[in-house]
Amino acid sequence: MKIIILTIASIFLVNIAFAQTSGTIKGKLIDSVGKQSMKDASITVLALEDSTVEAFGLAKEDGSFEVLNVPLGNFIVQFSFQGYSSISKTITLSKEKPEVILGTIYMPLYAKTLDEVVVTQTPPITIKKDTVEYNAGSFKTKPNAVVEDLLKKLPGVIVDKDGNINAQGEQVQRIFVDGKRFFGNDPKLATKNLPPDIVDKIQVYDAQSDQSAFSGFDDGERTKTINIITKKDRRKGLFGRAIAGAGDQRRYDASVNMNLFNGNQKLTLLTNANNVNKQGFTAQDGGGSGRSRGGITDTKSAGLNYSDLWGKSTDFSGSYFYNNLSTNRDARSFTERFLKNDSSSFINQTTTSQRNSQNHRFNFNIEHRFDSMNSLVIRPDFSFQESDNINRTISNATIGSLFGKDDVPQYRFDQNTSSQGSGYNGDINATFRHRFKARGHTFSIGVTAGGSSNTNDGTNYSDNRFYYPKDSARLVNQINRSDSKSQNISSNFSYTIPVIKNHVIELNYNYSKRSSNSDRRTYSYDSLTSGYTRFVDSLSNYFENENSSSRASIGYRIQKEKFTFGIANGIQFTNLKSDNTSKVTFFDRNFTNIYPTANFVYNFTRKKNLRINYNGRSNQPSITQLQPVPDNSNQNNIITGNPNLGQEFYHNIFMRFSSVDQITFRNISFTLNGGLVNDRVVSSIVQNINGTQTTTFENLDGSYNLNGNFNYGFQLKKPKSSLNFITTGAYNRDVSLIALPGDKLPTINYTTNTRLGQAINFTMNLDEKLDLNFNTSFNYNFARYSVSPDRNRDYYTQSFSFEPTYTFKSGWVLGSDFDYTYNSGLSAGYNANLPLWNASLAKQIFAKKQGEIKFSVFDLLNQNISVSRDVTNNYVRDMQNNVLQRYFLVTFTYNLRKFPGGERQNGGNPNRQFRNNDGNGGFGGGNRGGGNGGGNFRRGSGGNN
């Protein structure tokens, strides 16, 4: 709590230290021809020195305006309105004259003048229906930044240490570049590789499904999406970056990303190789992602993304991405597994593992417009994986009491396992859409087909020694092979019919079928034959599963100026079949479910809106949960499936309120997400007297969850910065069955986890020299158990992060990154305070500063460790993993920029924009047409102001 108080105090002390008397600009905007008021005309205040945005405002209903809290100094005030010529005036605000009254300003209609250059500045934030659009030129970034650094500066957008993006309280799942997919659906490949100086706008919105976007009938499905719009003059040329680095302990970091843009045709090449836990992508094969703090990973990756407009009617984008991850992990953990009364089983465990994985993934998107009435979207996605894993786990368990009784040894396991696996999965989605001549009548049909196949060969050697209740030993020496396959097909039909104005009915039909099988064979070592020839029937099984469903629904939507409301209901018939040929058992069950959905959107103003969604859906158990064969890869917990499982049914509700003020940068978002599960597939655990446990699955009611997020952010004037407060809360209740030693019947156990958190995020750019990111967060966690309330646990985590970068005029760049994490309430030996300090010193070289030599130190204090806690229905586990510790690295970075007309310098503001009267884009600053970098905004070619 002390850190929180100091954090808030330091932020406001900085604000006070930089605070100066501010001024006000007043006036009125009138149409020069019709003498009409110019409601919503934009007033942009720019610093005379470098044209950075200092303040922004909009004209009121009568055309009057008042821009408040403008810092003192010399400024250019720009007035703009669509269809009218921009006007600019130079003013000075001082302590002696803090208020400037410009009087009535008459705006002329737009008139194209040959050879005349007009400099305009887009407002920092624009609201366009359900889209928040940020002008990238209004937000500065440090040298050699990437788009991720730009996103950190945007009001209402939060980027965590692993590169995960949260906008308006929701996780961003997809990023487009100029409206097209970029390397499939992996946001990090765009944000961690593209430079911010090519970006014109950042758009944040909730993307609808293809069918909803076409038909206009909202099905409630949303995907939080960011669209990166590039500058017009950066859509033709070659740009990229190359990095080469080496350090002590054989550490290295090398990457190349190159982009060749030619209008609609865009080609991007990415390569990366390092052993410093750096990944500019999201691993999709279990290898981890982002800034990993568990284990040490050697990464190699390469990818190619291509997009183009074929002819006038076909949009194409496609990508290939390859990654090879090799992770060495040393971990230790302490687990308290709950037994009867006040006793528990305490397990100390060490694990050494090496995982090697390769992944090839292909993503394509083809959109063809036959004519204005018909279109087709095809999206194939495929991936191929290979993995090789070696693990050694040593477990020592004792049984004891919370009240000081002596611990009694239970067992010691020394287990070695290995596995080699390969497989593929893929699907193709095709959607045909037709719009009838009769207004509002639409028809669409979507088909998705896919399949997967996985093969895994493994070994399991375990030397097990049991001490309680009596001494015994068991040796496990086995090999196993498992093969699993699945195929699925789904089709969805939609037809919309308008009934009266703004009222639409949708008829919908969905059919889906999924078939899967699993074949697992286990053999034990036979000393007589000196080979693995003894078939283990209890650990072998062939299992087939088939799930098919048909659903018909009808929906009704009302769309008004202020609100949209839709409701739908349907009935689904599901058949679930399981055929266990090895055990000669067959299972065939039918289910009937109601499928209700509802959504409501209310727009209070253009800046404020409320969205509420509800949906009900069924979920089928996985093949692992169904297959009745023991999995003994973990000797502490033997897991067996249950072929008699039924389907789950989820009720989910989502609510979000958001408000963005494009003048003050104040943003407010509140999200609430809750769910209730009927017939949830839960764990049924039997605690054995020797300290081990066996687990199977059952269907039970009683699981639900509720999550909330409140974000309040605003901008500080001096120093120019953004401050965000993020409050989070979560309540989750899970249910399980637990049978303790001596119990005849299992007991229902309700586990509730409550989490309360607060975070403060502060970002600042000062005079293009100091770039500062600061955040702190704390989280309280409360775990409660209905079966064993004396095992209730509370624990607390607080983190503090400080990331300043200072750029000197001479081209030197000093950077630092300090994280401090405090843990409380964990087990003895795991309540570690974790300071992590990285520092760097760089020198920009060459005439245009396109090169950089940097010396970096990671973990300067040599204190880096990784600690985490896992709370489940019958145990609490604290874990610590090996991580990278102190190393040194020297890197050389070269930025390539080749665009028609050359790379112009811009007087220090890389995002400042110019445009001609004909609307064509330009990039630059400094001298243009003989003029200087300041002065008036309108100038003729070839002459000074």
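Note that the structure is predicted; figures quoted are calculated from it, not measured.

Engineer: I keep staring at the overall build of the protein chain and nothing clicks. Help me out?
Structural biologist: Looking only at helices and strands, one finds five helices and 53 strands in the protein chain. Burial status across the protein chain gives 50% buried among its 945 residues. The long-range fraction of contacts in the protein chain, counting pairs at least 24 apart against all pairs at least 6 apart in sequence, stands at 64%. Accessible area for the protein chain stands at about 42,000 Å²; split by element, carbon and sulfur atoms hold 55% of it.

Engineer: Hey, could you run me through empty space enclosed by the protein in this one?
Structural biologist: Summed over all chains, the structure comprises seven cavities of 30 Å³ or more. There is about 270 Å³ of room inside the largest cavity. Forming the walls of the largest cavity are 22 residues, and the residues nearest its centre are Ser 138, Phe 139, Phe 665, Gln 715 and Lys 720. Put simply, the parts of the chain that give the lining of the largest cavity at least two residues each are strand 3 (53-58), strand 41 (721-739) and strand 42 (747-766). With four residues, strand 3 is the largest single contributor of residues to the lining of the largest cavity. Residues of the lining of the largest cavity, tallied by class, amount to eight nonpolar, nine polar and five charged.

Engineer: Where do I start with the sheet that holds strand 7 (residues 99-107) in this structure?
Structural biologist: Where strands meet in a sheet, backbone hydrogen bonds hold them as pairs that are either parallel or antiparallel. An order of 4-1-7 is seen for the three strands of this open sheet, with the pairing classed as mixed. What marks the edges here is a single partner per strand, and that holds for strand 4 (64-71) and strand 7. Pairs of neighbouring strands in the sheet enclose a mean axial angle of 20°, with direction left out of account. Judged from the six bridges that link them, strand 1 (residues 22-31) and strand 4 form a sheet pairing that is antiparallel. If you follow Lys 26 over to strand 4, its bridge partner there is Glu 66.

Engineer: Just to check I follow, could you spell out the side chain of Asn 492 for this structure?
Structural biologist: As for its position among the elements, Asn 492 is in strand 27 (residues 472-500). Accessibility expressed as a relative area gives 16% for Asn 492, which makes it buried. Polar contacts involving the side chain of Asn 492 include one to the side chain of Asn 510, which spans 3.4 Å. Not counting residues within four places of it along the chain, the set of residues in contact with Asn 492 comprises Gln 211, Ser 444, Ile 445, Gly 446, Asn 508, Tyr 509 and Asn 510.

Engineer: Is there a simple way to think about the environment of Val 53 in this case?
Structural biologist: Inspection of the secondary structure puts Val 53 in strand 3. Taking the C-alpha atoms as reference, Val 53 lies 9.6 Å from Ile 76; in sequence the two are 23 residues apart.

Engineer: Help me understand the nonpolar core in this model?
Structural biologist: When a protein is soluble and globular, its nonpolar side chains tend to lie buried together. Counting residues in hydrophobic clusters, the biggest one holds 38 residues, and the most contacted among them are Tyr 134, Leu 151, Ile 165, Val 199, Ile 202, Ile 226 and Ile 228. Excluding its chain neighbours within four sequence positions, the residues that come into contact with Ile 226 are Leu 151, Ile 165, Val 172, Arg 174, Ile 175, Phe 176, Ile 202, Gln 203 and Val 204. Formed by 22 residues, the second largest nonpolar core is a distinct cluster that contains Ile 25, Val 45, Leu 72 and Met 107.

Engineer: Mind showing me how you'd approach the confidence of the model for the protein chain here?
Structural biologist: Where the model shows low pLDDT, its predicted coordinates should not be examined in detail. Within the protein chain, residue pLDDT values average 85, and 89% of them lie at 70 or more. In the model, residues 11-20 has pLDDT below 50 throughout and makes 13 contacts with residues more than four positions away in sequence or in other chains. Predicted confidence for residues 286-292 stays below pLDDT 50, and this span has 24 contacts to residues more than four positions away or in other chains.

Engineer: Would you take a moment to explain the environment of Ile 76 for this structure?
Structural biologist: Its place among the elements puts Ile 76 in strand 5 (residues 73-80). We classify Ile 76 as buried; its relative accessible area is 2%.

Engineer: What should I look at first to understand a nonpolar patch on the surface in this one?
Structural biologist: Residues Phe 846, Ile 853, Phe 855, Phe 888, Val 890, Phe 892 and Tyr 894 make up a contiguous nonpolar surface patch of about 610 Å² in total accessible area. Secondary structure elements with two or more residues in the nonpolar patch: strand 47 (851-858) and strand 50 (887-898). In terms of residues, the nonpolar patch owes the most to one element, strand 50, which gives four residues. Along the chain, the position of Tyr 894 falls in strand 50.

Engineer: Looking at this model, I keep getting lost on the environment of Ser 85. Mind explaining?
Structural biologist: Assignment of secondary structure puts Ser 85 in the loop between strand 5 and strand 6 (87-93). Under the relative-accessibility criterion, Ser 85 is labelled buried at 10%. The sequence separation of Ser 85 and Pro 108 amounts to 23 residues, and the corresponding C-alpha distance is 5.9 Å. Only 3.4 Å separates the side chain of Ser 85 from the backbone oxygen of Leu 109, close enough to count as a polar contact.

Engineer: Is there a simple way to explain the packing of aromatic side chains in this structure?
Structural biologist: Each pair of aromatic rings is reported with the distance of its centres and the angle of its planes. The tally for this structure, following the rule as stated, stands at 43 aromatic pairs. For the pair Tyr 306 and Phe 316, a centre-to-centre distance of 6.1 Å together with 50° between the ring planes defines the contact as tilted. One end of the pair, Tyr 306, is in strand 21 (residues 296-310); the other, Phe 316, is in strand 22 (residues 314-338), with ten residues separating them in the sequence. What makes Tyr 306 partly exposed here is its relative accessible area of 24%. Since its relative accessible area comes to 12%, Phe 316 is described here as buried. Of the aromatic side chains, those joined through ring pairs into one cluster are Phe 563, Phe 565, Phe 600, Tyr 602, Phe 604 and Phe 657. When the ring centre of Tyr 650 is taken as reference, the NZ or CZ atom of Arg 617 above it lies at 4.5 Å. Of note, Arg 733 hangs over the ring of Tyr 750, and the distance from its end group to the ring centre comes to 4.3 Å.

Engineer: How do you make sense of the pattern of salt bridges when you look at a structure like this?
Structural biologist: Side-chain pairs of opposite charge can arise where the charged atoms are in close proximity. With the rule as written, the count across this model stands at 37 salt bridges. Across the pair Asp 819 and Lys 161 runs a salt bridge, and its minimum N-O distance is 3.5 Å. Residue Asp 819 is found in strand 45 (residues 812-824), and its partner Lys 161 is found in the loop between strand 11 (157-159) and strand 12 (165-167); the two are separated by 658 residues along the sequence. The class for Asp 819 is buried, based on a relative accessible area of 8%. For Arg 481, the salt bridge is made with Asp 457, and the minimal N-O distance between the two is 2.9 Å. With Arg 481 in strand 27 and Asp 457 in strand 26 (residues 442-466), the pair connects residues that are 24 residues apart, well separated along the chain. Exposure remark for Arg 481: the relative accessible area of 33% places this residue in the partly exposed category. The network of salt bridges with shared partners includes Glu 170, Asp 206, Lys 224, Arg 611 and Arg 656.

Engineer: Can you help me understand unusual backbone geometry in this one?
Structural biologist: Glycine aside, negative phi is the norm for most residues, and most peptide bonds take the trans geometry. Backbone geometry places Asn 144, a non-glycine residue, at a positive phi of 55°. Turning to its location among the elements, Asn 144 is positioned in the loop between strand 10 (131-135) and helix 2 (147-151). Classification of Asn 144 by relative accessible area gives partly exposed; the value is 26%. Its identity is not glycine, yet Asp 679 carries a phi of approximately 55°, on the positive side. Along the polypeptide, Asp 679 turns up in the loop between strand 37 (667-678) and strand 38 (680-687). Given a relative accessible area of 38%, Asp 679 falls into the partly exposed group.

About the thresholds
Along each chain, numbering runs from 1 in the same order as the chain's sequence is written. For this predicted model, a pLDDT threshold of at least 70 governs which residues receive local features, and a threshold of 80 or more governs which side-chain atom pairs are given and counted, while totals over whole chains, interfaces and linings are taken from all residues. Side-chain measures here rest on the full set of heavy atoms in the structure, leaving out hydrogens and waters. Runs of E in the DSSP output that reach at least two residues are strands. Runs of H or I that reach at least four are helices, and both are numbered from the N terminus. To sort residues, take the accessible area from a 1.4 Å probe on protein chains only and compare it with the maximum for the residue type: under 20% means buried, over 50% means exposed, and anything in between is partly exposed. Contacts are assigned to residue pairs with any non-hydrogen atoms lying within 4.5 Å of each other. Computed by Shrake-Rupley with a 1.4 Å probe, the accessible areas treat only the displayed protein chains as cover when residues are assessed. Think of a 1 Å grid over the protein atoms and nothing else: a 1.4 Å probe that fits but is trapped marks a cavity, an open set flanked by protein within 12 Å on at least five of seven lines marks a pocket, and residues with an atom within 4 Å of a point count as lining. Grid points are joined across faces, edges and corners, and a volume is the space filled by probe spheres set on the points. Polarity classes work like this: nonpolar for Ala, Val, Leu, Ile, Met, Phe, Trp, Tyr, Cys and Pro, charged for Asp, Glu, Lys and Arg, and polar for all others, with Gly in that last group. Two strands are said to pair when DSSP picks up at least two bridges between them. To get an axis, fit a line to the C-alpha atoms, keeping to the stretch in contact for a helix; angles then go from 0 to 180 degrees between the N-to-C directions. Counted as a polar contact is a pair of N or O atoms within 3.5 Å, where, for protein atoms, one must be capable of donating a hydrogen and the other of accepting one, and residues adjacent in sequence contribute only when both atoms are in side chains. Take the buried Ala, Val, Leu, Ile, Met, Phe, Trp, Tyr and Cys residues and link them wherever side-chain atoms come within 4.5 Å; each set so joined is a nonpolar core. The predictor's confidence in any single residue is recorded as pLDDT, a number from 0 to 100. A patch consists of residues exposed above 30% relative accessible area that lack any salt bridge, with like charges linked at up to 9 Å and nonpolar side chains (Val, Leu, Ile, Met, Phe, Trp, Tyr) linked at up to 5 Å. One speaks of a salt bridge when a side-chain nitrogen belonging to Lys or Arg is within 4 Å of a carboxyl oxygen belonging to Asp or Glu. To pair, rings of Phe, Tyr and Trp, with the six-membered ring standing in for Trp, must have centres within 6.5 Å; the planes then decide the type, stacked if under 30 degrees apart, edge-to-face if over 60, and tilted in the middle. In this analysis the charged atom, NZ for Lys or CZ for Arg, is taken to sit over a ring once it is within 6 Å of the ring centre and within 35 degrees of the ring normal.

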